Amino acid sequence: MATGYLYHELFGWHDTGTNAGLFPADHRAGIQPFQHFENAETKRRIHELVVVSGVIDRLTRLEPRKATDEEILLVHTEEHLARIEAGSEQPKGGDSGDGLSPFGPGGIEIGRLAAGGMIEATAAVVEGRVDNAYALIRPPGHHAEPDTGMGFCMFGNLAIAARAVRRTHGVERIAVLDWDVHHGNGTQKTFWEDPDTLTISLHQDRVFPPDSGHVTERGAGAGLGYAVNVPLPPGTGTGGYLSAFDRVVAPAIDRFRPDLILVASGFDANATDPLSRQALTSSSYRAMTERLLDLAATHCDGRLAMSHEGGYNPVYVPFCGLAVIEALAGVTDPLSDPYEPIFGGMAGLDLQPHQTAVLDRVVPLLDDIH
Ligand SMILES: Cc1nn(C)c(C)c1/N=N/c1ccc(/C=C/C(=O)NO)cc1
Ligand SMILES: [Zn+2]
């Protein structure tokens, strides 16, 4: 099993400032300066654990490149690209669109590297140079809509890669699973009317963007039914997620018969994340990855590429990221997660009736996938 792995130190230099990502420091309000929730640390620590664990030696290293204007415009408007270019030329940088997504001077170049990195990882999979791949990129992308960035996201890295390989390699049917804890609104909006791109988002109900990711958001026109949303209640653990996988994700992908599977892979559904209230552990992510590998083997010769998104606890996210990469690489002696007994041993992590109730609403909707 050849697994591509893409990371670059420049991703750690994407500057998101010191307003903790949400509220600017203001002593009058008691708000102290602190690094942005979306900072380099979690990504660097995933990479360092991949290296120190020795798993790096079982991976095929891929190198990012900068996405061109033409590639970015496969998804985004000229106005959005111009906004980022203008901000990037400012002495102190700019913001991707919502005031919560800052970047430093020259920041567009790192944004291009993230989008280009996911294009390279996806192309390596489609060309068969690797069986599957993980693009440990930054800034994230799944909230970026065609006309604006948001939620720490500058460009829709995964969406751009999907359209890029469709254009250069003729990939037709692409299934996108977003298991970041926040709704994958950007990817969904990009492919809203596209029956050749199935978007499935597993997320905590209405955490971010506000009032987004409802079961009733299903796509439009020819794309009706090809957007699937599973808004899971706060506190959902492995039982709820794996039931969502087995009752929604797998049947949807089986009906869709993709030529390629892409994942917006955030780890902020982990039990310790500061920006959500779910309860997954590293074994949850390993199990979901193993299920996806089976689906990819069944439908598309194992073609599976993952784009890094959120995940904010620097202590625990590395173990979640390593578990996914070990599963992709078929590592049979995975590193033991010391926190699993603590975070996975709590009560209530098995499937709960109110979680089943959400899945019961989604399952019948899959009949519209052909
Ligand atoms: C709502 C709201 N209202 N206000 C004032 C603020 C500051 C609000 N939340 N902002 C947020 C909360 C969470 C994220 C997570 C992004 C991520 O990890 N995506 O994968 C982004 C922005
Ligand atoms: Zn997230």
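A short tour of the structure in this document, coming up. Note that residues are indexed from 1 along each chain, following the sequence as it is written. Key to labels: chains lettered from A, ligands numbered from 1, both in the order written. Only residues with pLDDT of at least 70 get local features here, since the model is predicted, and only at 80 or more are side-chain atom pairs given and counted; chain-wide, interface and lining totals rely on the full set of residues. Neither water nor hydrogens contribute to the side-chain values; these are computed over all heavy atoms in the structure.

1. Brief notes about the overall build of the chain
In this description a helix means any DSSP run of H or I spanning at least four residues, a strand means any run of E spanning at least two, and both kinds are numbered starting from the N terminus. Counting its regular elements, the chain contains eleven helices and ten strands. At 19 Å, the chain has a C-alpha radius of gyration in line with the 21 Å of a compact globule built from 370 residues. If you line up the chain on its principal axes, its C-alpha atoms span 50 × 45 × 45 Å. Relative accessibility decides the category of a residue: with a 1.4 Å probe and only protein chains considered, values under 20% of the type maximum give buried, values over 50% give exposed, and everything between is partly exposed. Per-residue burial over the chain gives 60% buried out of 370 residues. Taken as a whole, the chain presents about 13,700 Å² of accessible surface, with 54% of it coming from carbon and sulfur. For the radius of gyration, the atom set is restricted to C-alpha positions; the globular benchmark scales as 2.2 Å times the number of residues to the power 0.38. Method for areas: the Shrake-Rupley scheme with a 1.4 Å probe, in which residue coverage is limited to the protein chains shown.

2. Quick word on the pattern of salt bridges
Criterion for a salt bridge: a side-chain nitrogen of Lys or Arg within 4 Å of a carboxyl oxygen of Asp or Glu. According to the stated counting rule, one finds 21 salt bridges in the structure shown. Taking the shortest distance from any N to any O, the salt bridge between Lys43 and Glu38 comes out at 2.8 Å. For Glu38, a relative accessible area of 1% corresponds to the buried category. Notably, a salt bridge pairs Arg129 with Glu127, separated by 2.7 Å at the nearest N-O pair. A relative accessible area of 46% places Arg129 in the partly exposed class.

3. Things to note about helix H9 (residues 317-329)
End to end, H9 covers 18 Å across 13 residues, agreeing with the expected 18 Å (1.5 Å per residue, within 8%). Counting buried residues in H9 gives 13 out of 13 residues, a clear majority hidden from the surface. The length a helix should cover is 1.5 Å for every residue beyond the first.

4. Some thoughts on the nonpolar core
Generally speaking, nonpolar side chains in soluble globular proteins are found buried as a group. Put simply, buried Ala, Val, Leu, Ile, Met, Phe, Trp, Tyr and Cys residues joined by side-chain atoms within 4.5 Å make one nonpolar core. Within the largest apolar cluster, 105 residues are counted, with the highest numbers of intra-cluster contacts made by Trp179, Val230 and Leu292. In terms of residue count, helix H4 (residues 107-126) provides more of this core than any other element does, twelve residues in total. A contact between two residues is defined here by any heavy atoms of the two lying within 4.5 Å. If we skip the residues at most four places from it in the chain, Leu292 touches Leu177, Trp179, Phe245, Ile253, Ile261, Val263, Leu304 and Met306.

5. Concerning the environment of Arg163
Among the secondary structure elements, Arg163 is positioned in helix H5 (residues 157-169). The class for Arg163 is partly exposed, based on a relative accessible area of 25%. On a C-alpha basis, the gap between Arg163 and His14 in space is 25 Å, while along the polypeptide they are 149 residues apart. The residues contacting Arg163, other than those within four sequence positions of it, are Leu74, Val75, Thr190 and Phe191.

6. Considering the site of ligand 1
By convention in this text, a residue qualifies as near a molecule or strand provided that one of its non-hydrogen atoms is within 4 Å of it. Taken together, Leu22, Leu100, His142, His143, Gly151, Phe152, Asp180, His182, Phe208, Pro210, Asp268 and Tyr312 make up the full set of residues near ligand 1. Counting of polar contacts relies on pairs of N or O atoms within 3.5 Å, with two restrictions inside protein: one atom must be capable of donating a hydrogen and the other of accepting it, and residues adjacent in sequence are counted only when both atoms are side-chain atoms. Contact distances for ligand 1 include 3.1 Å between an oxygen atom and a side-chain N or O atom of Asp268. In the complex, the protein chains occlude 75% of the 530 Å² of accessible area that ligand 1 would expose alone. Nonpolar residues are Ala, Val, Leu, Ile, Met, Phe, Trp, Tyr, Cys and Pro. Charged residues are Asp, Glu, Lys and Arg, and all others, Gly as well, are polar. Looking at the shell around ligand 1 residue by residue, the classes come out as six nonpolar, four polar and two charged.

7. Considering the sheet that holds strand S10 (residues 304-308)
Strands are labelled as partners when DSSP assigns at least two bridges between them. Spatially, S2-S1-S5-S10-S9-S6-S7-S8 is the arrangement adopted by the eight strands of the open sheet, whose pairing is parallel. On the outer flanks of this sheet lie strand S2 (59-62) and strand S8 (227-232), each paired with one strand and no other. Looking at each pair of strands side by side, their axes are set apart by 15° on average, direction ignored. Here five bridges tie strand S6 (residues 174-178) to strand S9 (residues 260-265), and the two strands are oriented parallel to one another. Paired with Asp178 across the two strands is Ala264, which belongs to S9. Orientation is described by lines fitted to C-alpha atoms, with helices fitted over the stretch in contact, and by angles between N-to-C directions that extend from 0 to 180 degrees. Strand contacts of helix H7 (residues 238-256): S6, strand S7 (197-204), S8 and S9, with the helix running at about 175° to S7, the strand carrying the most contacts.

8. Structural notes on the coordination of the zinc ion (ligand 2)
As a rule, N, O and S atoms within 2.8 Å of a metal are its donors, except that Na, K and Ca use 3.2 Å; water is not among the atoms, so sites may look incomplete. Those protein atoms acting as donors to the zinc ion (ligand 2) are Asp180 (OD), Asp180 (OD), His182 (ND1) and Asp268 (OD), and they sit at 2.0 to 2.7 Å. Counting gaps between the donor residues of the zinc ion (ligand 2) yields the pattern D-x1-H-x85-D. Within this pair, whereas His182 is found in the loop between S6 and helix H6 (185-190), its partner Asp268 is found in the loop between S9 and helix H8 (282-300), the two being separated by 86 residues in sequence. Judged on exposure class, the residue His182 and its partner Asp268 are both buried.

9. Points about the packing of H7 against H8
Viewed as axis vectors pointing N to C, H7 and H8 meet at an angle of 10°, and their least axial separation amounts to 11 Å. In terms of orientation, H7 and H8 fall into the roughly parallel class. When the axes of H7 and H8 are compared, the crossing they make is right-handed. Across the interface between the two elements, Thr238, Tyr241, Leu242, Phe245, Asp246, Ala250, Ile253 and Asp254 from H7 touch Ser284, Ala287, Met288, Arg291, Leu292, Leu295 and His299 from H8. Split by residue class, the contact of H7 with H8 holds nine nonpolar, three polar and three charged. Angles below 35 degrees are treated as roughly parallel, those above 145 as roughly antiparallel, those between 65 and 115 as roughly perpendicular, and all remaining angles as oblique. Less than a right angle of anticlockwise turn of the near helix away from the far helix marks a crossing as left-handed, whereas a clockwise turn marks it as right-handed.

10. Thoughts on the packing of aromatic side chains
Two rings belonging to Phe, Tyr or Trp (six-membered ring only in the last case) form a pair when the distance between their centres is within 6.5 Å. Interplanar angles under 30 degrees mark stacking, angles over 60 mark edge-to-face geometry, and anything in between is tilted. This model, assessed by the stated rule, comprises eleven aromatic pairs. Taken together, a centroid distance of 6.1 Å and an interplanar angle of 85° make the contact between Phe152 and Tyr312 edge-to-face. Note that Phe152 is positioned in the loop between strand S5 (132-135) and H5 and Tyr312 in the loop between S10 and H9, a separation of 160 residues in sequence. By relative accessible area, which is 10% here, Phe152 ends up buried.

11. Remarks on the packing of helix H3 (residues 78-88) against H4
At a minimum axis separation of 7 Å, H3 and H4 run at an interaxial angle of 135°. As summarised for this structure, H3 and H4 are arranged oblique, according to the angle between their axes. The segment H3 lies against H4, with Leu81, Ile84, Glu85 and Ser88 engaging Gly107, Ile108 and Arg112. Taken together, the residues of the contact of H3 with H4 sort by class into three nonpolar, two polar and two charged.

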